[in-house]
Amino acid sequence: MTQELQYLSLAAAAPQLASAPAEPAPRVLRCTGTRAETAAVTTLMFEPADGQFFDWLPGQYLTLSLDTAHGQLSRCYTISSIPAEGLEITVKALSGGPASSWLHDSLVPGTVVEAHGPLGSFTPAALAGALPGPLPSYLFLAAGSGITPLRSITRSLLESGAPIDAVLLYSAHDPGDVIFHRELRALDGAGGLRVETILSTGSVPTIGLPRAPGRLDAAMLQELVPDVQLREIFACGPPEYLEAVRGMLDAAGVDPSALHVESFDIADHAPANTVAQPLEAARDRQVFSVEFVRSGRTIDCPDDTFVLDAALAAGIPVPSSCALGMCGTCKSGLLQGTVEMNHAGGIRPKEIAAGKILICCSTPTGDLVIDA
């Protein structure tokens, strides 16, 4: 049996998926190959360097730590594959982006990278083992690289063997920007899944009914999915796209609780050479001291300011990535003091009980001493 086949099949291993590890682990991954998807997008294939294969839920992501010419950078990348096919992430090269450029230019088979995860909760309940009975009807909305988690989710639904009723609307600029083009053509009409691409420029869509170039709007959404109010909706894409989607769904009378969103709005930029501007002077706010033990620095942090923001404003180079409480990159030990923390899955209850916090989503409620 090849190492690739040692990954569990979704169709045969739903109980194992439902019991995916609750405690994300640090991992070392070895690149096994690459595959071009578009001129700017590449799929990177990995295997665990220690041979300890692991599962993930469709829609989850990894945080990669990359040793680049700009120093060590941490970035979140969705796992675009399903376990039965091996571990893949799909990355768009961003102009001037050191992390994505390093992955495109320097990652070759045999290269190892550090990773943390899997993380995230952008997974239909049926695929997480939390929803017995028939599958609900789904609407999947994606723009650009937002297709990556939805590729994993739709393929997982089809692999489950259960009948589904799902529509995938994928927005891209032109035919050359359509990620997973051949695969999406094959998936259209398979097992109750309908796929439409919506192109803002260029020729007619490469998948689905021909239509004039344009952007998805409320009228088009109602035309393509007239029963949108009855569907569970998963959307992934840039923040401006997700904001537009919320407006379309509101106009269609969709219950907001039916919408699940994922957006990694993480700038892929080089570390700044200048210190950020000081925080605005506190007015009618309580200010606490925050001591960073390893950095040997103590700063002031108002009670309405995230600890990460205060640290960066003071020029303290603490590790961070998503700034949304999702990736876990800024996880630090809280040695003294208390905080109010509102995270989005980047830290586990066991870690919180052990005195860990995510400084990107924690505001002080007293003086702090942090192991960072």
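Not measured: the values here are computed from a predicted model. (Residues numbered from 1 in each chain as written. Predicted model: local features only at pLDDT ≥ 70, side-chain atom pairs only at ≥ 80, totals over all residues. Heavy atoms only, no water.)

**Student:** What is the right way to look at the pattern of salt bridges in this model?
**Tutor:** A side chain with one charge can pair with a side chain of the opposite charge if their charged atoms come near. One pass over the structure, following the stated rule, counts 14 salt bridges. For the salt bridge of Arg35 with Glu37, the shortest nitrogen-to-oxygen distance reads 3.0 Å. According to the relative accessible area criterion, Arg35 is partly exposed, its value standing at 30%. Between Glu88 and Arg151 there is a salt bridge; the shortest N-O distance is 3.2 Å. Here Glu88, found in strand β5 (residues 87-92), pairs with Arg151, found in helix α3 (residues 147-159); they are 63 residues apart in sequence, far enough to count as distant. A single burial state applies to Glu88 and to Arg151, both of which are buried. In the salt-bridge network here, residues are joined through shared partners; they are Arg35, Glu37, Glu85, Glu88, Arg151, Arg155 and Glu183. (Salt bridge = Lys/Arg side-chain N within 4 Å of Asp/Glu carboxyl O. Buried < 20%, exposed > 50% of the residue type's maximum accessible area, 1.4 Å probe, protein only. Helix = DSSP H or I, 4+ residues; strand = E, 2+ residues; numbered from the N terminus.)

**Student:** So what exactly am I meant to see when it comes to the state of the cysteines here?
**Tutor:** The bond known as a disulfide is covalent and runs between the sulfur atoms of two cysteines. What the rule picks out here adds up to 0 disulfides. Sulfur of Cys330: no disulfide; nearest cysteine sulfur belongs to Cys360 and is 3.7 Å away. (Disulfide = S-S within 2.5 Å.)

**Student:** Whenever I open this one, the sheet that holds strand β7 (residues 137-143) confuses me. Can you help?
**Tutor:** Where strands meet in a sheet, backbone hydrogen bonds hold them as pairs that are either parallel or antiparallel. Across the sheet, which stays open at both edges, the 5 strands sit in the order β9-β8-β7-β10-β11 with parallel pairing between neighbours. Unpaired on one side and paired on the other, β9 (193-199) and β11 (259-262) mark the two borders of the sheet. Within this sheet the neighbouring strands show an average axis-to-axis angle of 15°, counted without direction. Lying on the sheet, α3 is in contact with β7, β8 (165-172), β9 and β10 (232-236); it crosses β7 at an angle near 155°. (Pairing = 2+ DSSP bridges. Axes fitted to C-alpha atoms, helices over the stretch in contact; angles between N-to-C directions. Contact = heavy atoms within 4.5 Å.)

**Student:** Even after reading the chapter, I still don't get the confidence of the model for the chain, so can you show me in this structure?
**Tutor:** Any region with low pLDDT has predicted coordinates that should not be read closely. Averaged over all residues, the pLDDT of the chain is 82; the fraction at 70 or higher stands at 83%. Scored below 50 in pLDDT, residues 1-23 makes 41 contacts in the model with residues more than four places away or belonging to other chains. Confidence drops under pLDDT 50 across residues 266-283; counting only partners more than four residues distant or on other chains, this segment forms 32 contacts. (pLDDT = per-residue confidence, 0-100.)

**Student:** Is there a simple way to explain the pairing of β8 in this structure?
**Tutor:** For a regular strand, side-chain orientation follows a simple rule: the groups alternate between the two sheet faces. Of all 8 residues that make up β8, 7 are buried, and the element is covered over most of its length. Direction of pairing for β7 relative to β8: parallel, over a ladder of 7 bridges. In the sheet register, Tyr138 faces β8, and the bridge partner there is Ala166. Following the chain from β7 across α3 to the adjacent parallel β8, one finds a crossover that is right-handed. In the sheet, β8 pairs with β9 via 7 bridges, with the strands oriented parallel. Pairing of Tyr170 across the sheet is with Thr197, part of β9. Chirality of the crossover, the property in question, places the unit of β8, helix α4 (residues 181-187) and β9 among those that are right-handed. (Right-handed = clockwise from strand over helix to strand, strands pointing away.)

**Student:** Before we go on, may I ask you to explain the packing of aromatic side chains in this structure?
**Tutor:** The geometry of an aromatic ring pair is captured by the separation of the ring centres together with the interplanar angle, meaning the angle of the planes. Taken as a whole and assessed by the stated rule, the structure comprises 5 aromatic pairs. Here Phe54 and Trp56 contribute two aromatic rings whose centre-to-centre distance is 6.1 Å and whose plane-to-plane angle is 65°, an arrangement assigned as edge-to-face. Accessibility assignment for this pair places Phe54 and Trp56 in one class, buried. Taken together, the aromatic side chains of Phe122, Tyr138, Phe140 and Phe234 make up a single cluster linked through ring pairs. Across the ring face of Phe54, the terminal group of Arg27 is positioned such that the distance to the ring centre comes to 3.8 Å. (Phe/Tyr/Trp six-rings, centres within 6.5 Å; stacked < 30°, edge-to-face > 60°. Lys NZ or Arg CZ within 6 Å of the ring centre and 35° of its normal.)

**Student:** Would you mind going over the pairing of strand β18 (residues 368-371) with me for this structure?
**Tutor:** Relative to β18, strand β12 (residues 287-292) runs parallel, the two being bridged by 3 bridges. From the neighbouring strand, Glu291 faces β18, where its bridge partner is Val369.

**Student:** What exactly am I supposed to notice about the nonpolar core here?
**Tutor:** As a rule of thumb, soluble globular proteins bury nonpolar side chains together. The biggest cluster of nonpolar side chains holds 25 residues, and the ones touching the most others in it are Phe140, Ile147, Leu150 and Leu168. Secondary-structure elements contributing two or more residues to this core are β7, α3, β8, α4, β9 and β10. In this structure Leu168 touches Phe140, Ile147, Leu150, Leu184, Leu193, Arg194, Val195 and Glu196, once residues within four positions along its chain are discounted. Grouped together as the second largest cluster of nonpolar side chains are 23 residues, Leu169, Val245, Met248 and Val254 included. (Core = buried A, V, L, I, M, F, W, Y, C linked by side-chain atoms within 4.5 Å.)

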